[in-house]
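Reading the structure
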Amino acid sequence: MEGAEIEYVKRAFDHNYIAPVGPNVDEFEEVISAYTGVKYTAVLSSGTAGIHLGLIILGVERGDEVIVSSFTFSASVNPIVYLGATPVLVDSEPGTWNMDPVLLEEAIRERRRLGKKVKAIVIVHLYGMPANMSEIIRIASEYGIPVIEDAAEALGSRYDGKHLGSFGKIGILSFNGNKIITTSNGGALFSDNKEHVQKARFLATQARDQAPHYQHSHIGYNYRMSNVLAGIGLGQMEVIDLRVEQRRANFKFYKENLGLMDGLRFVEEPDERYFSNRWLTTILIDPDKAGKTREELYLALEDENIESRPLWKPMHQQPVFSSCPAFLNGISDALFAKGLCLPSGSNMSDTDRQFVLDSIIAVFDK
Ligand SMILES: *Cc1c(COP(=O)(O)O)cnc(C)c1O
């Protein structure tokens, strides 16, 4: 938290709007739209809720298929299963670690050849790194399949100068406690399509028909964001650019000090179109060259009371998704085997960073 958050929260108390409706909610939505350049926003109880509603709005139903990145957090995939649809998992490209466009096209062709209905594509911008959006949007349009961008980790990231979430039909954000800005728990669905966002608000408030009594013609959800939490979000949006700067400074520090070490590698922005918020700084360890494995580094840091964590375990390796159709090339398996997320908090001091760095160097010097 930076400071202004509590003022906005106090405003919710002053107005006595302790509900999933109120001036903070409206203003938070306007601020997100102004920041991302995407016309309409609905703030929700979580990013997962956003993906769920996004899939419903795009017409995903029981028996349909949805293509999704395999290298992601389970929340990108779970809502597909909530709807009785089948996730089709697609592996990563080596450059961005996000969905490989070549495999995406192969997956669309192969599933269609088998007579399956591919209703949507969920593209994840993992760790804040933009996916290859020009290729992905080109392929998606060619086959007429709508794209949902899971930008849960990527607020502040841009591709070709445009914010992530603005390329697909629908974008999703998360404000969970670990994300680049947070409302403790929360998310958003945003789109240039007014009807999509109106429908998200409708479904997120129990799908109440226009009537003086309670009347329902659709199944609804309790997915709206509280006016209290939206106050936290308004305070956080004042410092989003600062947060991106802080996260990018973490990456720069680690890379400048570790980038030349044998067997250590960072994921780079492939060209000038890519701008990552560097939500987490991640590192790949090649045990043959570095002389240590990812696991050894992880455990050694833990001994120093430094928290690090393996990269996301790909969805095709998860017991719950192991029977899903998958289009694989070995990239995400290798990332999971070799990759570690380094401490990346926005509030890391120079001393904190130096301590982590010294501890990492000590592991490889042994
Ligand atoms: C955090 C996250 C989500 C889910 O967001 P919640 O707000 O926690 O529901 C979805 N996708 C990715 C890639 C995430 O990191």
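Residues numbered from 1 in each chain as written. Predicted model: local features only at pLDDT ≥ 70, side-chain atom pairs only at ≥ 80, totals over all residues. Heavy atoms only, no water.

1. Structural notes on the environment of L203
Short version of the rule: Helix and strand assignments follow DSSP, with helices taken as H or I runs no shorter than four residues and strands as E runs no shorter than two, numbered in order from the N terminus. In this description, contact between two residues means that some pair of their heavy atoms is separated by no more than 4.5 Å.
As for its position among the elements, L203 is in helix 7 (residues 194-204). Sequence-distant contacts of L203, that is, excluding residues within four places in its chain, are made with L53, I56, I57, I219, G220 and Y221.

2. Side note on the layout of surface pockets
Cut-off, in case you're wondering: Points on a 1 Å grid over protein atoms alone make up a cavity when a 1.4 Å probe fits among them but cannot get out, and a pocket when they form an open set with protein on both sides within 12 Å along at least five of seven lines; lining residues each have an atom within 4 Å of a point. Grid points are joined across faces, edges and corners, and a volume is the space filled by probe spheres set on the points. Amino acids outside the nonpolar list (Ala, Val, Leu, Ile, Met, Phe, Trp, Tyr, Cys, Pro) and the charged list (Asp, Glu, Lys, Arg) are all regarded as polar, and Gly is one of them. Boundary definitions for the domains trace back to an automatic or database domain assignment.
Space inside the largest pocket adds up to approximately 770 Å³. Those elements that provide at least two residues to the lining of the largest pocket are helix 9 (240-258) and strand 13 (309-310). Sorting elements by how many residues they give to the lining of the largest pocket places helix 9 first, with 3 residues. Grouping the amino acids of the lining of the largest pocket by side-chain chemistry returns 15 nonpolar, 10 polar and 6 charged. Shared between two domains, the lining of the largest pocket takes at least three residues from each, and those domains are domain 1 (4-239) and domain 2 (241-365).

3. Quick word on the sheet that holds strand 11 (residues 274-275)
In a beta sheet, neighbouring strands pair by backbone hydrogen bonds and run either parallel or antiparallel. Stated precisely, the cut-off is as follows: For two strands to be treated as a pair, DSSP must find at least two bridges joining them.
Strand order across the open sheet formed by 3 strands is 7-6-11, with antiparallel pairing between neighbours. Of all the strands in the sheet, the pair left with one neighbour each is strand 7 (162-163) and strand 11. With 2 bridges joining them, strand 6 (residues 158-159) and strand 11 adopt antiparallel strand pairing. Its bridge partner being in strand 11, R158 is matched across the sheet by F275.

4. Notes on the domain arrangement of the protein
Often the size quoted for an interface is simply the accessible area lost on bringing the parts together. What counts, and what does not: Using a 1.4 Å probe, buried area is obtained as the accessible area two parts lose upon being combined, added over both of them. We define a salt bridge as a contact between a side-chain nitrogen of Lys or Arg and a carboxyl oxygen of Asp or Glu at a distance within 4 Å. Distance and chemistry together define a polar contact, namely a pair of N or O atoms within 3.5 Å, with one atom able to donate a hydrogen and the other to accept it when in protein, and with adjacent residues in sequence counting only for side-chain atoms on both sides.
The domain boundaries assigned to the protein delineate domain 1 (4-239) and domain 2 (241-365). When each unit is reduced to the centre of its C-alpha atoms, the spacing between domain 1 and domain 2 is 26 Å. Contacts between the two partners involve 49 residues from domain 1 and, on the opposite side, 37 residues from domain 2. Both faces combined, the contact of domain 1 with domain 2 buries some 3,800 Å², and carbon together with sulfur accounts for 64% of it. When the buried surface of domain 1 facing domain 2 is broken down by residue, W97, Y127 and I180 rank first, second and third, together holding 21% of it. Along the contact surface separating domain 1 from domain 2 lie 0 salt bridges. Applying the counting criterion to the domain 1 and domain 2 interface returns 26 residue pairs in polar contact (both at pLDDT 80 or more). Within the side of domain 1 that touches domain 2, the residues separate by chemical class into 24 nonpolar, 15 polar and 10 charged.

5. What about the site of the ligand?
The criterion, for reference: Nearness here has a simple test: a residue counts as near a molecule or strand if at least one of its heavy atoms is within 4 Å of that partner. Throughout, the Shrake-Rupley method with a 1.4 Å probe supplies accessible areas, and for residues the shown protein chains are the sole cover considered. For this analysis, a molecule is said to be in a pocket or cavity if more than half of its atoms are within 2 Å of the grid points defining it.
Residues in contact with the ligand amount to 15 residues; listed here are only the nearest, T48, D150, E153, S174 and K179. In the environment of the ligand, an oxygen atom lies 2.8 Å from a nitrogen or oxygen atom belonging to the backbone of G47. Surface burial for the ligand is 96%, taken as the share of its 380 Å² of free accessible area covered by protein chains. In a pocket analysis with a 2 Å cut-off to the grid points, the ligand is assigned to the second largest pocket.

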